[in-house]
Amino acid sequence: MFTYPNECVEWSILIVLYPFLSGLVDGAFVVAFLKKIFNVKSVEPVYRLSLLTALAFLIAVPLPLTMHLGHPERAFEILFTPHLSSVMSIFGFIYAWCLFVILLPAIYYDYRKDIVRWAEENKGLKGAIYRVLTFGYRDIGEKSVRIDEKIVYALILMGLPSACLLHGYVGFIFGSVKANVWWSTPLMPIMFILSSIVSGIALIIVVYVFAMKIKGKLVDVKALDTLATFLLVTYIIDVSIELLEIGHIMYMREEGFELVARLITRELFASFVVVQFILGALIPMVLILVGKKVGAKVPTYTIASILTLVGIFAMRWNVVIGGQMISKSLQGFLYYHPEIFGREGILTAVAIIAVPFVLLAILTNILPPWEEHA
């Protein structure tokens, strides 16, 4: 193996986690888009849940990046001293736009009528929270509610392309690295966006099913069936484009294609072929088809969605870590073994993944998405 002596894998599991989390935001927003813009009524039971899920995960998105930095406080320099020719710098503005201009106002205006009612019905701390959230405006007349609906429609309409920019720029960064044969492709942003939609829909299915089980309520099978259909179709397109890209690399046989072949067949065989494509793509698609034909849709779709999330995480791993494994000498490979403890260890990654679920539990308690609040 011939590698330069100063080479190492700089981007750790936290950088793998970052595009995984941002992709979940993108996909969750797509579910809200289906209901509000395309008027897919069957997904209405998960409409508000998808908005709250997107918010919880969007808040958690910067955590892997700030933990990866040696000086996390310097992250604010992106906003205070912007470098407009840097894609990474532009991320700060896209993130702020999605959070403060799109998602928070969309959730507020969608819930405003209920918030006013809850402020009148509830006492104590919850009542105080709802009264603060009214911002002193309690008009819930027909005209005011219609204006709220138009605002929500406009925000969600702008939100989908905004969410795609938020996640697509990650693929843009990797695809722009011309010196890396594993990353350099104009299809990288498209693959990232499609896989994000897949993972987001899978997340909504898992969260919805488990939330209903915890609440002791019946799962809306029609909503689940619709989500599974969109998941299946999007996943087929996503996998097809990824396979097309690999086929193109092998057909063109440009410099470095031997490294890509070895990376797939040896170095990343377990995570790429076994986990990403077989366990995380082929089996979920088969399970969805079986669920539609045989029945037992709730457990089948749930298992398929969990495996899908595993597969998409493997895809992020294979892109981020796999690209760094190829030596700059193009003559050998580097290897990455994540530590368990430490600032960039596995336990840190698990803790970061837990954060949006804790946030979601809090949000759904304050702004219940599936029932009237008493």
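Anything mentioned here points back to the structure above.
Description of the structure in this document.

Scoring rules and cut-offs
- Residues numbered from 1 in each chain as written.
- Predicted model: local features only at pLDDT ≥ 70, side-chain atom pairs only at ≥ 80, totals over all residues.
- Heavy atoms only, no water.
- 1 Å grid on protein atoms, 1.4 Å probe; cavity = no way out; pocket = protein on both sides within 12 Å on 5 of 7 lines; lining within 4 Å.
- Points joined across faces, edges and corners; volume = space filled by probe spheres on them.
- Helix = DSSP H or I, 4+ residues; strand = E, 2+ residues; numbered from the N terminus.
- Nonpolar A, V, L, I, M, F, W, Y, C, P; charged D, E, K, R; others polar.
- Buried < 20%, exposed > 50% of the residue type's maximum accessible area, 1.4 Å probe, protein only.
- Contact = heavy atoms within 4.5 Å.
- Polar contact = N/O pair within 3.5 Å; in protein donor to acceptor, adjacent residues only side chain to side chain.

**Let's talk about empty space enclosed by the protein**
(1) Moving on: Under the definition given, this model contains three cavities of 30 Å³ or more.
(2) Moving on: The volume enclosed by the largest cavity comes to roughly 180 Å³.
(3) Moving on: Taken together, 16 residues line the largest cavity, and the ones lying closest to its centre are Trp182, Met188, Met191, Glu245 and Ile246.
(4) Moving on: Counting only elements with at least two residues in the lining of the largest cavity, the list comes to α8 (188–215), α9 (221–252), α11 (269–294) and α12 (297–325).
(5) Moving on: Per-element tally for the lining of the largest cavity: the top contributor is α9, with four residues.
(6) Moving on: Counted by class, the lining of the largest cavity contains ten nonpolar, four polar and two charged residues.
(7) Moving on: Lining the second largest cavity, in full, are Val25, Phe29, Leu58, Cys98, Ile102, Leu103, Gly159, Ser162, Ala163 and Leu166.

**Describing the environment of Leu268**
(1) Moving on: Assignment of secondary structure puts Leu268 in the loop between α10 (257–267) and α11.
(2) Moving on: Residue class for Leu268 comes out buried when judged on its relative accessible area of 3%.
(3) Moving on: Once the C-alpha coordinates of Leu268 and Cys164 are considered, the two residues, 104 residues apart in sequence, prove to be 28 Å apart.
(4) Moving on: Setting aside its immediate chain neighbours within four residues, Leu268 contacts Trp182, Leu263, Val273, Asn318, Gly322 and Met325.

**What to know about the side chain of Thr185**
(1) Moving on: Within the secondary structure, Thr185 sits in the loop between α7 (142–175) and α8.
(2) Moving on: Classification of Thr185 as buried rests on a relative accessible area of 6%.
(3) Moving on: Within polar-contact distance, the side chain of Thr185 engages the backbone nitrogen of Leu187 at 3.1 Å.
(4) Moving on: Among the polar contacts made by the side chain of Thr185, one reaches the side chain of Glu245 at a distance of 3.1 Å.
(5) Moving on: What Thr185 contacts, discounting residues up to four positions off in sequence, is Gly175, Met191 and Glu245.

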